[in-house]
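# Observations on the three-dimensional arrangement
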Amino acid sequence: MDAPIALTLAVIVITLIAFIREWAAPDVIALTVLCAVVALGLVDADKMTDVFRNEAPLTIAALFIIGGALEKSGAVDHIGRVLRDRLPNNTRLAMLAFSVLTAFFSAWMNNTAIVAILLPVALGLARSKDIPASRLLMPLSYSSILGGCCTLIGTSTNLLVNGTLKDMKLEPMSMFQLAPLGIPMSIAGIAYLAIFGPKLIPARTSISGTLEITQRTTPLYHLLVGDHSPMLGRKLTETPLFDRANGIHIMEVRRKGARVMKSLKSLTVEKNDRFLIALHRRRGKAVKPEALFSEIGATTLSTVDGIVTELVVKDESSLIGRTLAASDFRQHYNCVVLALHRNGVNITSQISDVTLEQGDTLLVITALNNLDDLEATRDFILTDSPDDAPEDEAASRQPLHHIWLSWAVLIGVVAVATLTDFLGGKGGALPWLPQIPIHYAALVGALLLLWLKVVTPRDAYASIDWQVLLMLYGLLGLGMAMKDTGTAKWLANSLVSLARGHVPAEMLPIVMLWAIYLMTLLLTEVLSNNATAVMMVPIVVTLAHSLGVSHWPYVMAVTVAASTAFALPMGYQTHMMVYGPGGYRFSDFLRVGIPLNIICWVTACLIIPFLWPF
């Protein structure tokens, strides 16, 4: 082992620790790694920009825009609601139907977007059919991962592996090359969830259910403080309006037509102050409105519809690392927090001083018409959709033709990339037809949606997960360092030498396949799937060459194993999205996810040698 290899291995170890310990955001870590490998001389400074030539991030960005158009138009959401309304009160059938629906759409759209769209639908079904929310949300997350293994555009990992193959001057994957492997894995995984899920997944409800919230809708009252109110001149904290014990929650204070954006504890009541309040208790009845308003000398100006709902803190949320008090949560989001759910525990006291983390679920009271604004912040995943409105009002949000245009563009992108790949080029049936790569087709599709005004430029930029793109660019630098310094070759040769001492030569390729899948799976449980794929692809390609066999079996094993992380809630982003709303505990994922990991491992390693012979 020479110095560059040792240095590269040290960078890999530090990178692993940084991701596991979450020293910083994933994109920050990845870009730091890119700069570090250049600073250490592992990658030539002139070649640093080569990572930006990789087509995978561009393809992913364009597909984010197309997926954003489908999400905004309500295409997937509408189908989910139709399914929700027609399903009988049967837990196993509901799990099966939602899993199949999720897997299908996840093959064409980003996994995170699919779960965000169907999460409110699944919770609505759980409430209407009296099915525990936990029995639907874990299968929702798992099936989104399984569906993503079926097509080239199913996950960013597939596209990243494909881009890495092109950078290594190897034949890229076709659109449906993964399908003969991904579809059987999806069938096996969904069958396992439908058959054993009702027994293995605990019957837990959402945070509102665990806190015995029976009335999720509540009126909000606009009050005007009168001339003779006994509250005038008193600190708000000393008035009956500040009595949380009686279920009184102050949503907003207006003075002289403007919202008061400071702490309620520092406020003194003045004449003509306007308050927006909710009267709601988790247990028992709140104070009666008429009695309270008479006591404080206030007049009711109007009432608006309110809702008790749950907000899941996203990985990109500006609230992560901050407390509710420090973020001025009530003023900025027009919500009052009733409780916080984390790691299976409901926190109901001293909530304002708790530092928020990804996956935290906040139980809040807010105005029903505020859900749109909450969704627009991109700080939360909503468990109640803004489109839970009367059909005519919901339908007016987006023109119907936007749905058809969004689907037409997605189908067109897939069809063009697939047909030209099969039929075009020198070896195709139509040699005059040019082969159109997926990144070009996706970019044209995204631009078409912009020209047709299905999405605006602002919507397009907002729909792109920039953290994912920046992380990919940074991690590609690590892959380049492994290749240029010979680290990938050294690791591959070390694995082969170790295996040769214990395995007969004729069995070595198949044993290494099982070992590579397991190694990738274990890494992706604690790392990001993209980080795992970037590190493993150069290793397995070199390993295949050392064994004198095709690299395809090992590349396919890495591609699917890097996405099929089911055992730990932090193993995949969609797990964290459902963790709080499902009321899960850490052990729930171990109990359900480990058998599913084994099913996918065995299924993949049995099928791969038949589809891609050594």
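Residues numbered from 1 in each chain as written. Predicted model: local features only at pLDDT ≥ 70, side-chain atom pairs only at ≥ 80, totals over all residues. Heavy atoms only, no water.

In this section: the pattern of salt bridges. Scanning the entire structure with this criterion turns up 11 salt bridges. Between Asp 227 and Lys 271 there is a salt bridge; the shortest N-O distance is 3.4 Å. Within this pair, whereas Asp 227 is found in the loop between strand S1 (217-225) and strand S2 (248-255), its partner Lys 271 is found in the loop between strand S3 (258-259) and strand S4 (274-279), the two being separated by 44 residues in sequence. On the basis of relative accessibility, which here comes to 47%, the residue Asp 227 falls in the partly exposed class. Arg 342 is paired through a salt bridge with Asp 360; the nearest N and O atoms lie 2.5 Å apart. Of this pair, Arg 342 sits in strand S6 (residues 335-342) while Asp 360 sits in the loop between strand S7 (345-347) and strand S8 (361-367), placing them 18 residues apart in sequence. (Salt bridge = Lys/Arg side-chain N within 4 Å of Asp/Glu carboxyl O. Helix = DSSP H or I, 4+ residues; strand = E, 2+ residues; numbered from the N terminus. Buried < 20%, exposed > 50% of the residue type's maximum accessible area, 1.4 Å probe, protein only.)

The first and last C-alpha atoms of helix H7 (residues 134-148) sit 22 Å apart over 15 residues, in line with the 21 Å expected at 1.5 Å per residue. Taken across its 15 residues, H7 has 15 buried, putting it largely inside the fold. (Expected span 1.5 Å × (residues − 1).)

In this section: the confidence of the model for the protein. Looking at the protein, pLDDT values average 85 and 94% of them are 70 or higher. The model gives residues 389-396 a pLDDT under 50, and that stretch makes 3 contacts with residues more than four places away or in other chains. (pLDDT = per-residue confidence, 0-100. Contact = heavy atoms within 4.5 Å.)

Applying the stated criterion across every chain yields a total of 17 aromatic pairs. Where Tyr 142 meets Phe 566, the ring centres are 5.0 Å apart and the plane angle is 80 degrees; that geometry is what we call edge-to-face. In this pair, Tyr 142 is assigned in helix H7 and Phe 566 in the loop between helix H22 (552-561) and helix H23 (573-579), connecting sequence segments 424 residues apart. As far as burial versus exposure is concerned, Tyr 142 and Phe 566 are alike and both buried. Each residue in the set Phe 104, Phe 105, Trp 108, Phe 176 and Trp 407 is aromatic and connected to the rest through ring pairs, giving one cluster. (Phe/Tyr/Trp six-rings, centres within 6.5 Å; stacked < 30°, edge-to-face > 60°.)

Residues Leu 181, Tyr 517 and Tyr 554 are the most contacted members of the largest nonpolar core, which totals 150 residues. Among all residues touching Leu 181, those that are not within four sequence positions of it are Met 556, Val 560, Ala 604, Ile 607, Ile 608, Leu 611 and Trp 612. Among the nonpolar cores identified, the runner-up in size contains 20 residues, and Leu 241, Val 260, Phe 275 and Leu 292 belong to it. (Core = buried A, V, L, I, M, F, W, Y, C linked by side-chain atoms within 4.5 Å.)

The subject of this paragraph is the packing of helix H8 (residues 156-167) against helix H18 (residues 466-484). For the pair H8 and H18, interaxial distance at closest approach is 12 Å and the crossing angle is 35 degrees. You can see that H8 and H18 cross each other, and the crossing is right-handed. Across from Ser 156, Leu 160, Thr 164 and Asp 167 in H8, the residues of H18 making contact are Val 468, Leu 472, Leu 476 and Lys 483. A class-by-class count of the residues in the contact of H8 with H18 yields 4 nonpolar, 2 polar and 2 charged. (Axes fitted to C-alpha atoms, helices over the stretch in contact; angles between N-to-C directions. Left-handed = near helix turned anticlockwise from the far one by under 90°. Nonpolar A, V, L, I, M, F, W, Y, C, P; charged D, E, K, R; others polar.)

Where helix H2 (residues 26-39) contacts H18, the two axes come as close as 7 Å, and the packing angle between them is 30 degrees. What the angle tells us is that H2 and H18 run roughly parallel. The two elements H2 and H18 meet at a crossing, and its hand is left-handed. Contact residues: H2 offers Pro 26, Asp 27, Ala 30, Leu 31, Val 33, Leu 34 and Val 37, while H18 offers Gln 467, Leu 470, Met 471, Tyr 473, Gly 474, Leu 475, Gly 477, Leu 478 and Ala 481. Looking at the contact of H2 with H18, its residues break down into 12 nonpolar, 3 polar and 1 charged. (Parallel < 35°, antiparallel > 145°, perpendicular 65-115°, else oblique.)

On to the pairing of S4. Extensive coverage of S4 is indicated by the burial of 5 of its 6 residues. Two elements, S1 and S4, share 5 bridges in a ladder whose sense is antiparallel. Residue pairing across strands places Leu 220 opposite Ala 278, the latter belonging to S4. Direction of pairing for S2 relative to S4: antiparallel, over a ladder of 6 bridges. Among the inter-strand pairings, Ile 250 is bridged to a residue of S4, identified as Ile 277. (Pairing = 2+ DSSP bridges.)

The next subject is the environment of Ala 339. Topologically, Ala 339 is positioned in strand S6. Given a relative accessible area of 0%, Ala 339 falls into the buried group. Sequence-wise, Ala 339 and Ser 349 are 10 residues apart; in three dimensions their C-alpha atoms are separated by 7.7 Å.

For Lys 169, which is not glycine, the phi torsion reads 60 degrees and is therefore positive. Take Lys 169: it is sitting in the loop between H8 and helix H9 (179-200). Residue Lys 169 is classed as exposed on the basis of its relative accessible area of 75%. Phi is positive for Lys 453, which is not a glycine, with a value near 65 degrees. Residue class for Lys 453 comes out exposed when judged on its relative accessible area of 64%.

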